[in-house]
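# Structural description and commentary
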Amino acid sequence: MSVHEDPTYDVVGIGFGPSNLSLSISLEEHRANVLTDPVKAAFFERQPSFGWHRNMLLPSATMQISFLKDLVTFRNPASRFSYVSFLHAKGRLAQFVNRKDFFPTRQEFHQYLEWAESSMSNVVTYSSAVSAIRLPPGDVPGTSEHLQLEIRDTAGGATRLVNARNVVISTGLQPRMPDGVVRDERVWHSSEFLDRWGRVEPEELKSVAVVGAGQSAAEITKFFHERLPHAQVHAILPSYGYSVADDTPFANQVFDADAVDDYYDGAESARDAFWRYHRNTNYGVVDDADIRYLYQVTYDEDVAEAKRLHYHNLSKVQSVEVDGRGRKVFLKSLRGGKPQPLDVDAIVFATGYAGMDPTHLLGDLDRYCLRDEAGRHRVERNYRLVTTPELTCGIYLQGGTEHTHGLTSSLLSNIAVRSGEIADSIIQRRAERELVPAVAGRLEAGEKRL
Ligand code: FDA
Ligand code: NAP
């Protein structure tokens, strides 16, 4: 293995999705960076270029949040990286406002992210998967001022070793399949949808199924119904029918930056109330417009007596068997009875995601990271992992903090503020280490982000 060793960075970010893209901008805009030497930051992303859930960029899919909850605005409304600046740069500001709609398409939001990324490309290296974080070989815990990261070149080049005083892990959600179901060329998870779709002949798909009752399931069901006019489309729902995503104003407050404090400082019963009352703002729920569209299509087919969109409600997939080129799916109804077979040419599991879990990346370092009674990582308010005193370097999480910081952990809603808080913490730690009392004092006194 040929290994190239880099200098020591103040901060290395693992993954370059919207969260760490927002952090890179926050570090660049930080007032303290103007007062002292700029923070030396590097980000490593395993994809060959920037991409945000590319396999779900379905043509008409819209964002689930306001365009104002972009990479920066809630931290710094005057930032040049705002969605409004993007629209202005593209010459579309007036046209966008004429729509009188807070929710851009996901394709346009992707363009925005790429536009912002193009100004930050000097800090990110693509085709680079971080495979391990460790104490530098030979270093004794408690004395080491940095961590070492091993970075695998996914394009086949040399492995790199990089040193960092702080690490920000932001590797995203993990696709979740039902137990015992294995993905293959005809059994897909929604996270790989457009890639898989691009590799099949649509005419071959005469019967398809979509599992789940969340936003991904509804969007893929709609897509199949539109793109496969010759096919039978089966929606397999664990519920009785699709439920609406609550984005009414009072409920939407759970995504406000202040709600993070209420969650973080709240008693276990308060945290439990967030989930009990407001899970339906995000999980297993669908936009009102998509529900109405699917219901109208279903009704129109009833009227025309030409049914090809079929619902199997109160049902789960028990198993999937290979059957020639197709697949035999066994559906277990919650009403009881024997599992019923369904023959399909392809099946998509829109069965959601598990939250980010840094355990695997942390490897041996995990033994310095403290956990709560339920075995989950303890995390400080500034998103730094709570560690034993011997581990002096900072390891921060962007994602995987639903148990400590609440519902925004895996979402875009709070990334501008969250990445500002992480930047504050990293810069404050450096100012303290380098004994720049003026900067450390001003940060301590609350003069933080721009
Ligand atoms: P994200 O998953 O975007 O990025 C993580 C990055 O890390 C990836 O680019 C990955 O390749 C990289 N990576 C992983 N492991 C690595 C390693 N070992 N080394 C290097 N790189 C590594 N939320 C919301 O608020 N509004 C919305 O409209 C939507 N829409 C939406 C649509 C779809 C289809 C999904 C699945 C999810 C959403 N979400 C959402 C939620 C979603 O989590 C959120 O939009 C962001 O993707 C969160 O950004 P992150 O950067 O944290 O993760
Ligand atoms: P999700 O909301 O977690 O929904 C997963 C669905 O699969 C739920 O209905 C779940 O039912 C069901 N399910 C899980 N296991 C199952 C099984 N074994 N059999 C049958 N059903 C099963 O996942 P998602 O729809 O992918 O959404 C994830 C996130 O992405 C959300 O934040 C969402 O807003 C976002 N998203 C956004 C867009 C967009 O911006 N346009 C598009 C897609 C997704 P239970 O609830 O009973 O577990």
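Residues numbered from 1 in each chain as written. Chains lettered and ligands numbered in written order. Predicted model: local features only at pLDDT ≥ 70, side-chain atom pairs only at ≥ 80, totals over all residues. Heavy atoms only, no water.

## Here's the deal with the layout of surface pockets
Quantified by volume, the second largest pocket comes out at close to 260 Å³. Taken together, 18 residues form the lining of the second largest pocket, with G355, M356, G400, T401 and H403 sitting closest to its centre. When grouped by side-chain class, the residues that make up the lining of the second largest pocket number 5 nonpolar, 9 polar and 4 charged. (1 Å grid on protein atoms, 1.4 Å probe; cavity = no way out; pocket = protein on both sides within 12 Å on 5 of 7 lines; lining within 4 Å. Points joined across faces, edges and corners; volume = space filled by probe spheres on them. Nonpolar A, V, L, I, M, F, W, Y, C, P; charged D, E, K, R; others polar.)

## Observations regarding the sheet that holds strand β14 (residues 340-344)
If you trace the 3 strands from one edge of the open sheet to the other, you get β12-β13-β14, paired in antiparallel fashion. The open sheet terminates on both sides in strands that have one partner only, identified here as β12 (315-323) and β14. Pairs of neighbouring strands in the sheet enclose a mean axial angle of 30°, with direction left out of account. As paired elements, β12 and strand β13 (residues 326-333) share 8 bridges and run antiparallel to each other. In the strand pairing of β13, S315 is matched with S333. (Pairing = 2+ DSSP bridges. Helix = DSSP H or I, 4+ residues; strand = E, 2+ residues; numbered from the N terminus. Axes fitted to C-alpha atoms, helices over the stretch in contact; angles between N-to-C directions.)

## Regarding the nonpolar core
By size, the foremost hydrophobic cluster in this structure holds 39 residues, and its most contacted members are L21, L27 and L71. For this core, the elements supplying multiple residues, two or more each, are α1 (18-29), β2 (41-44), α3 (83-89), α5 (106-118) and α14 (415-433). Broken down by element, the residue count for this core peaks at 5 residues, all from α14. For L21, the contacting residues outside a window of four places in its chain are F16, F50, L71, L113, A116, E117 and M120. Among the nonpolar cores identified, the runner-up in size contains 30 residues, and M56, V200, V208 and L228 belong to it. (Core = buried A, V, L, I, M, F, W, Y, C linked by side-chain atoms within 4.5 Å. Buried < 20%, exposed > 50% of the residue type's maximum accessible area, 1.4 Å probe, protein only. Contact = heavy atoms within 4.5 Å.)

## A word on a negative patch on the surface
Residues D256, D258, D262 and D265 make up a contiguous surface patch of negative charge. Among the structural elements, D262 can be located in helix α9 (residues 257-265). We classify D262 as exposed; its relative accessible area is 52%. (Patch = residues over 30% accessible without salt bridge, like charges linked within 9 Å, V, L, I, M, F, W, Y side chains within 5 Å. Areas by Shrake-Rupley, 256 points an atom, 1.4 Å probe, with all protein chains shown as cover. Salt bridge = Lys/Arg side-chain N within 4 Å of Asp/Glu carboxyl O. Lys, Arg positive; Asp, Glu negative; His and termini not counted. Charge placed at Lys NZ, Arg CZ, Asp CG, Glu CD.)

## Here's the deal with the site of ligand 2
The environment of ligand 2 is formed by 21 residues, the closest being T62, S216, E219, N282 and G284. Between ligand 2 and the protein, one listed contact pairs an oxygen atom with a backbone N or O atom of Q215 at 3.1 Å. For the shell around ligand 2, the residue count by class is 8 nonpolar, 10 polar and 3 charged. Both domain 1 (3-173 + 355-441) and domain 2 (176-245 + 282-352) contribute no fewer than three residues apiece to the shell around ligand 2. (Near = heavy atom within 4 Å. Polar contact = N/O pair within 3.5 Å; in protein donor to acceptor, adjacent residues only side chain to side chain. Domains from an automatic or database assignment.)

## Looking at the packing of aromatic side chains
Scanning the model with the defined rule gives 22 aromatic pairs in all. Relative to W197, the ring of F193 has its centre 6.3 Å away and its plane inclined at 25°; by these criteria the two rings are stacked. Of this pair, F193 and W197 both sit in helix α6 (residues 193-197), separated by 4 residues, roughly a single helical turn. Taken individually, F193 and W197 each receive the classification buried, so the pair is uniform in this respect. With a centroid separation of 5.5 Å and an interplanar angle of 80°, the aromatic rings of F193 and F224 are classed as edge-to-face. Within this pair, whereas F193 is found in helix α6, its partner F224 is found in helix α7 (residues 215-227), the two being separated by 31 residues in sequence. As far as burial versus exposure is concerned, F193 and F224 are alike and both buried. (Phe/Tyr/Trp six-rings, centres within 6.5 Å; stacked < 30°, edge-to-face > 60°.)

## Regarding the site of ligand 1
Around ligand 1, 28 residues are found, and the nearest of them are S19, E45, Q64, S410 and L412. A distance of 2.9 Å separates an oxygen atom of ligand 1 from a polar backbone atom of Q64. Here L412 contributes a backbone N or O atom positioned 2.7 Å from an oxygen atom of ligand 1. Relative to its unbound accessible surface of 990 Å², ligand 1 loses 89% to contact with the protein. Secondary structure elements with two or more residues in the shell around ligand 1: α1 and β4 (128-134). The residue makeup of the shell around ligand 1, split by class, is 13 nonpolar, 12 polar and 3 charged.

## Points about the domain arrangement of the chain
Here the domain parsing of the chain yields domain 1 (3-173 + 355-441), domain 2 (176-245 + 282-352) and domain 3 (249-281). On a C-alpha basis, the centres of domain 1 and domain 3 stand 23 Å from each other. Domain 1 puts 16 residues into the contact, and the matching count from domain 3 is 13 residues. Summed over both partners, the interface of domain 1 with domain 3 buries about 1,300 Å², with 60% contributed by carbon and sulfur atoms. (Buried area = accessible area lost by both parts, 1.4 Å probe.)

## Quick look at the pairing of strand β5 (residues 147-153)
Within β5, 5 of the 7 residues are buried, leaving the element largely enclosed by the surrounding structure. One ladder, built from 6 bridges, connects β4 with β5; its direction is antiparallel. In the strand pairing of β5, A132 is matched with E150. Here 5 bridges tie β5 to strand β6 (residues 159-169), and the two strands are oriented antiparallel to one another. Bridging from a neighbouring strand, I151 pairs with R160 of β6. Linkage of β5 to β6, two consecutive antiparallel strands, is achieved through a turn of 5 residues, within which G156 is found at a positive phi near 95°.

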